[in-house]
Amino acid sequence: MSKNTVLTLVGSLRAGSTNAQLAEAIQLNAPDHVEVVIHDSLGNIPFYNEDIDVEGQVPAAAAALRAAAEDADTLLLVTPEHNGTVPASLKNAIDWLSRPFGAGALNGKPTAVVGTAFGQFGGVWAQDEARKAVGIAGARVLEDVKLAVPGSMVRFAETHPKDDAEVVEQIKGVFDALEGSRAAAA
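Definitions and cut-offs
The residue count restarts for each chain, going from 1 along the sequence in the order it is written. Only residues with pLDDT of at least 70 are given local features in this predicted model, and only at 80 or more are side-chain atom pairs given and counted; all residues enter the totals for whole chains, interfaces and linings. Side-chain descriptors were evaluated using all non-hydrogen atoms of the structure, hydrogens and water having been removed beforehand. Burial classes follow relative accessibility: with a 1.4 Å probe on protein chains only, a residue under 20% of its type's maximum area counts as buried, one over 50% as exposed, and anything between as partly exposed. What counts as a helix is a DSSP run of H or I of at least four residues, what counts as a strand is a run of E of at least two, and both are numbered from the N terminus. Two strands are said to pair when DSSP picks up at least two bridges between them. We call a crossover right-handed when, viewed with both strands directed away from the observer, the connection leading from the first strand over the helix to the second proceeds clockwise. Centre distance within 6.5 Å is the pairing criterion for rings of Phe, Tyr and Trp, where only the six-membered ring of Trp is used; planes under 30 degrees apart are then read as stacked, over 60 as edge-to-face, and the remainder as tilted. Inter-axis angles, ranging from 0 to 180 degrees, are taken between N-to-C directions of lines fitted to C-alpha atoms, where helices are fitted over the stretch in contact. The scheme is simple: roughly parallel for angles under 35 degrees, roughly antiparallel for over 145, roughly perpendicular for 65 to 115, oblique for anything else. For any helix crossing, the convention is left-handed if the near helix is rotated counterclockwise from the far helix by under a right angle, and right-handed if that rotation is clockwise. Note on definitions: a residue-residue contact is assigned when non-hydrogen atoms from the two residues lie within 4.5 Å. Three categories are distinguished: nonpolar for Ala, Val, Leu, Ile, Met, Phe, Trp, Tyr, Cys and Pro, charged for Asp, Glu, Lys and Arg, and polar for the others, with Gly belonging to the last. Polar contact criterion, stated in full: a pair of N or O atoms within 3.5 Å, where within protein one must be able to donate a hydrogen and the other to accept it, and residues adjacent in sequence count only if both atoms are side-chain atoms.

A. The arrangement of the pairing of strand E4 (residues 110–116) in detail. Among the 7 residues in E4, 7 count as buried, and that is most of the element. Of the two faces of E4, the one carrying Pro 110, Ala 112, Val 114 and Thr 116 and the one carrying Thr 111, Val 113 and Gly 115 are both buried. Pairing geometry for strand E3 (residues 74–78) and E4, over 4 bridges, is parallel. From the neighbouring strand, Leu 75 faces E4, where its bridge partner is Thr 111. Chirality of the crossover, the property in question, places the unit of E3, helix H3 (residues 88–97) and E4 among those that are right-handed. The pairing of E4 with strand E5 (residues 140–141) spans 2 bridges and is parallel.

Put into structure tokens, the structure is as follows:
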């Protein structure tokens, strides 16, 4: 049986990001039949501009993102909340993956959104915005896959999410929901 590949895009570019740590915890707790691939920093991808999205001229970082998304079975977005919405780096990745219109790497791709944020709701506004954007871009949004961890800066100040039993249990729920969505689509 081949492994199900989950390409994970982390919206935070900050060193020591709690969302990057959450992505690591997700990777460490993946079932044996799932390979979680955390894509390198989205910070190297230039802002989407149709003038540079031309065959033979697509920036290497954007082309690598598209190739990774095309090769993945599922996409997982891990997002903080910046001013009540999704960070520019993640929105930019969605923009690159949405092109060419109607045939981008997101077209029909099962996609889930999770994350953590400093606030009391764990970044649910950003997660909702990311779901909206990625759905409009053509992805098949997995609405039942949810994980929002509040109070991240305090909660993870001395504990990595991989060592937080409640978070690890919620991660297992994410994989159960991903598996359920995959079975329903088959």
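B. Just the packing of aromatic side chains, in detail. In this structure the tally under the stated criterion is 1 aromatic pair. Ring centres of Tyr 48 and Trp 96 lie 4.7 Å apart, and the angle between their planes is 75°; this geometry places the pair in the edge-to-face category. Of this pair, Tyr 48 sits in the loop between strand E2 (34–38) and helix H2 (60–71) while Trp 96 sits in helix H3; the two residues are 48 residues apart in sequence, bridging distant segments of the chain. Judged by relative accessible area, Tyr 48 falls into the partly exposed class, the value being 21%. For Trp 96, a relative accessible area of 0% translates into the label buried.

C. Quick look at the packing of helix H1 (residues 18–28) against helix H6 (residues 165–185). Their axes nearest at 10 Å, the elements H1 and H6 cross at an angle of 65°. Here H1 lies roughly perpendicular to H6, going by the angle between them. Crossing geometry of H1 relative to H6 is assigned as right-handed. Here H1 contributes Leu 22, Ala 25 and Ile 26 to the contact with H6, which in turn contributes Val 167, Ile 171 and Phe 175. For the contact of H1 with H6, the per-class residue count stands at 6 nonpolar, no polar and no charged.

D. Spotlight on H1. By the burial criterion, the buried members of H1 are Thr 18, Asn 19, Gln 21, Leu 22, Ala 23, Ala 25 and Ile 26. The elements touched by buried residues of H1 are strand E1 (4–10), E2, E3, E4, helix H5 (152–155) and H6. Among the residues of H1, the N-terminal cap falls to Ser 17, whose side-chain oxygen and the backbone nitrogen of Asn 19 are separated by 3.0 Å.

E. Spotlight on unusual backbone geometry. Put simply, Arg 99 and Pro 100 share a cis peptide bond, and its omega is 0°. Take Pro 100: it is sitting in the loop between H3 and E4. In the Ramachandran plot, Asn 83 falls in the positive-phi region, its phi being about 55° despite a non-glycine side chain. Its location among the elements puts Asn 83 in the loop between E3 and H3. Taking relative accessible area as the criterion, Asn 83 reaches 83% and is therefore assigned exposed.

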